[in-house]
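Coordinates in review
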Amino acid sequence: MSTPPLIGISSYLEADTRYREWGQPAALAPAGYHQQVQRSGGLAVLLPPDPAPGAAAAAVARLDGLVISGGPDVAPERYGAARDPRTGPPATERDAWELALIGAAGARRVPLLGICRGLQLLNVARGGTLLQHLDEHGGPVPGTFGEHKVTPVPGTLLAGILPGPVAVPTYHHQAVQRLGSGLIASAHAADGTVEAVEDPAAPAFTLAVQWHPEAADDIRLMTALVRAATG
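In this report, the structure presented in the accompanying data block is examined.

Re the nonpolar core
Ranked by size, the top nonpolar core spans 29 residues in total, and within it Leu 47, Val 60, Leu 66, Ile 68, Leu 101, Leu 122 and Val 197 carry the most contacts. When contributions to this core are tallied by element, the ones reaching two or more residues are helix H2 (55-60), strand S5 (65-68), helix H3 (92-108), helix H4 (117-125) and strand S12 (194-198). Setting aside residues no more than four positions away along its own chain, Leu 47 makes contact with Gly 8, Ile 9, Ser 10, Ser 11, Ala 59, Leu 63, Leu 66, Trp 97 and Leu 101. Membership of the second largest hydrophobic core comes to 26 residues, among which are Leu 162, Leu 221, Met 222 and Ala 229.

Below you can see the structure in the form of structure tokens.
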């Protein structure tokens, strides 16, 4: 019996997290990420930010696949833009960590799935830029997901996984403005927003989506990553 592929999931630090009677810093990732990896036949491991140089490369060297998870806005300084007043506070350590993970995955040909912020970081890592604010891609109230339809571009990797338009959970106010080098748009929302990007020339599975598949029951994207990591 073959060993299930090891899938790393980037996580983040919260300075004041409360659970039961405890209140202290914690490394977090929503449970949907690791649960989907497990349901797809993979082994899940969380990757909290590490300030040590080279830690990302060392971590990715042990992985069969990588998920860059959702989270706060990418610092606009990363893509040479002035800060919009609606852009959230910088997450400097997390930006550096996840960009290093993305670079290491590309160098080692490790399959990569980016989710929401993960798409934005992949685009920035490739020299692309972000639209810092758009409306109507979030939930009805803060902390809840909205839903809208996305349409995959025929002939893309994504279209092979999701063959037709699909309603997805969404919560974001930033998106791709200019595509990064080697990336193509592989899905759009009805308003034209880029909802997925991929690198058709990459030697390993390289796909990112703007929505939050971990917040739904559809595991096709995670299954595709785990399958690529197994291969």
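Some words on the side chain of Gln 36
With respect to the secondary-structure elements, Gln 36 resides in helix H1 (residues 31-39). Looking at Gln 36, the relative accessible area reads 3%, which means it is buried.

Quick look at the pattern of salt bridges
Under the counting rule described, the total for this entry stands at 8 salt bridges. Of the charged contacts, one joins Arg 78 and Asp 95 as a salt bridge, the two residues approaching to 4.0 Å between their closest N and O atoms. Highlighted residues: Arg 78 in the loop between S5 and H3 and Asp 95 in helix H3, separated in sequence by 17 residues. We classify Asp 95 as buried; its relative accessible area is 1%. Of the charged contacts in the structure, one is a salt bridge between Arg 86 and Asp 84, with a shortest N-O distance of 3.1 Å.

Some points on H4
Here H4 lies mainly inside the structure; 8 of its 9 residues are buried. Buried within H4 we find Arg 117, Gly 118, Leu 119, Gln 120, Leu 121, Leu 122, Asn 123 and Val 124. Following H4 by one or two positions, Gly 127 adopts a phi angle in the positive range, close to 90 degrees.

Topic: the environment of Pro 53
Assignment of secondary structure puts Pro 53 in the loop between strand S4 (43-47) and H2. On the basis of relative accessibility, which here comes to 83%, the residue Pro 53 falls in the exposed class. Along the backbone, Pro 53 and Phe 205 are 152 residues apart, and their C-alpha atoms lie at a distance of 26 Å.

Some points on the sheet that holds strand S11 (residues 184-189)
A sheet is described by the order of its strands in space; here 9 strands give the open sequence S4-S1-S5-S6-S13-S12-S11-S8-S9, paired in mixed fashion. In the strand order of this sheet, the two ends are held by S4 and strand S9 (166-170), each with one partner. Mean inter-strand twist for the sheet, computed between neighbouring axes without regard to direction, equals 25 degrees. Summarising the sheet, strand S1 (residues 6-10) and S5 pair through 3 bridges and their orientation is parallel. Bridging across to S5, Ile 9 finds its partner in Val 67.

A closer look at the pairing of strand S8 (residues 146-152)
Residues Gly 146, His 148, Val 150 and Pro 152 line the buried face of S8, whereas the alternating positions Glu 147, Lys 149 and Thr 151 sit on a face that is not buried. One ladder, built from 5 bridges, connects S8 with S9; its direction is antiparallel. Bridge pairing links Lys 149 to Ala 167 in S9. Direction of pairing for S8 relative to S11: antiparallel, over a ladder of 3 bridges. Its bridge partner lying in S11, Pro 152 is registered against Ala 187.

Calculation rules
- Throughout, a residue's number is its position along its own chain's written sequence, starting from 1.
- For this predicted model, a pLDDT threshold of at least 70 governs which residues receive local features, and a threshold of 80 or more governs which side-chain atom pairs are given and counted, while totals over whole chains, interfaces and linings are taken from all residues.
- To get the side-chain values, take all heavy atoms of the structure and skip hydrogens and water.
- In these notes, a set of buried Ala, Val, Leu, Ile, Met, Phe, Trp, Tyr and Cys residues joined through side-chain atoms within 4.5 Å is what counts as a nonpolar core.
- Relative accessible area decides the class of each residue, using a 1.4 Å probe on protein chains only: under 20% of the type maximum gives buried, over 50% gives exposed, and in between gives partly exposed.
- In this text, helices come from DSSP runs of H or I with a minimum length of four residues, and strands from runs of E with a minimum of two, each type numbered from the N-terminal end.
- It only takes one pair of heavy atoms within 4.5 Å for two residues to be counted as in contact.
- A side-chain nitrogen of Lys or Arg and a carboxyl oxygen of Asp or Glu constitute a salt bridge if their distance falls within 4 Å.
- Any two strands with at least two DSSP-identified bridges between them are counted as paired.
- Orientation is described by lines fitted to C-alpha atoms, with helices fitted over the stretch in contact, and by angles between N-to-C directions that extend from 0 to 180 degrees.

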